[in-house]
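This is what each chain is made of:
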Amino acid sequence: MTASGTGVGGDPDVQSAIRDATYRALCRHGYHETTIQHIADEFEKSKSLLYYHYEDKHELLTDFLRHLLDELAERLTVKGDDPYEDLLTLIDRIVPVPMDDDEAQFRRVLLEIRAAAPHDESHCELVRRSDTIIRSAFADVIRRGVATGQFDPEADPDEVAEFIHTTLLGTMIRGVSLDDQEAVARTRETLVTYLDRYLLVE
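Keep in mind the model is a prediction, meaning the values are calculated, not measured.

Asker: So what's going on with the nonpolar core? Which residues, and what values?
Answerer: Ranked by size, the top nonpolar core spans 44 residues in total, and within it Leu87, Phe138 and Ile164 carry the most contacts. Among residues more than four places away in sequence, those in contact with Ile164 are Leu87, Phe138, Ile142, Leu191 and Leu195. Judged by nonpolar contacts, the second largest core, of 12 residues, contains Ala17, Ile18, Ala21 and Leu60.

Here it is in structure tokens:
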């Protein structure tokens, strides 16, 4: 993960360092166990800068998640010449196979955040925004495929996008929470086979 940009208060280099420290702390300790001190321990600059920018863990993590969503929207902006290849690219960016240890651990963190979202309105809103970004990216690609005749003209882009997103989310929950990457690979392969059969026009 590469963190960049500005957040609460200013210097982009400081904000980048804070986000990188937050990422490392979350991967090491998980969402629920991570404390502001854990993040401070991973922060290579003056600890006082961390406390200057953020009052508490919740404020810091909320800003961190907002930044992740900006990165997600950028990563899921794919506009190649082949909608089908773009579709596969999106699937790979949401649930890559294989995942290294950091990627798998951070996805566990994201699942913890999703599970906790009903009890935290600000994080719930961020989860909703994440889902909207992902579904919109898939729907846009499917819409292009329908327009070019590559995909079934009867396909509803929004419905297909929701199906893909739900399948990938379930795949991630099952595979990452149980550390079963083979299950992730199998389900991804089945999803692609399904899309080949029912979405592609022969």
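Asker: Before we move on, could you go through the packing of aromatic side chains and cite the residues and values that matter?
Answerer: Between two aromatic rings, the relevant description is the distance of the centres plus the angle of the planes. All chains considered together, the criterion is met by four aromatic pairs. With a centroid separation of 4.8 Å and 50° between ring planes, the pair formed by Tyr23 and Phe106 is classed as tilted. Of this pair, Tyr23 sits in helix α1 (residues 12-29) while Phe106 is found in helix α6 (residues 101-116), placing the two residues 83 residues apart along the sequence. Ring geometry for Phe64 versus Phe106: centroids 6.2 Å apart, planes at 85°, classification edge-to-face. With Phe64 in helix α4 (residues 57-75) and Phe106 in helix α6, this residue pair connects regions lying 42 residues apart in the sequence. The pair formed by Phe64 and Phe106 is uniform in burial state, with each residue classed as buried. An aromatic cluster of at least three residues, connected via ring pairs, comprises Tyr23, Phe64 and Phe106. Its guanidinium or amino end placed over the ring of Tyr31, Lys57 lies 5.5 Å from that ring's centre, counting from NZ or CZ.

Asker: An account of unusual backbone geometry is needed here, citing residue identities and associated values.
Answerer: Backbone phi values are negative for most residues with the exception of glycine, while trans is the configuration of most peptide bonds. Between Val97 and the following residue, Pro98, the backbone shows a cis peptide bond with an omega angle of -5°. Following the sequence through the fold, Pro98 ends up in the loop between α5 (83-94) and α6. Despite not being glycine, Asp179 has its phi angle at roughly 55°, a positive value. According to the relative accessible area criterion, Asp179 is exposed, its value standing at 55%.

Criteria and cut-off values
- Residues numbered from 1 in each chain as written.
- Predicted model: local features only at pLDDT ≥ 70, side-chain atom pairs only at ≥ 80, totals over all residues.
- Heavy atoms only, no water.
- Core = buried A, V, L, I, M, F, W, Y, C linked by side-chain atoms within 4.5 Å.
- Buried < 20%, exposed > 50% of the residue type's maximum accessible area, 1.4 Å probe, protein only.
- Contact = heavy atoms within 4.5 Å.
- Phe/Tyr/Trp six-rings, centres within 6.5 Å; stacked < 30°, edge-to-face > 60°.
- Helix = DSSP H or I, 4+ residues; strand = E, 2+ residues; numbered from the N terminus.
- Lys NZ or Arg CZ within 6 Å of the ring centre and 35° of its normal.

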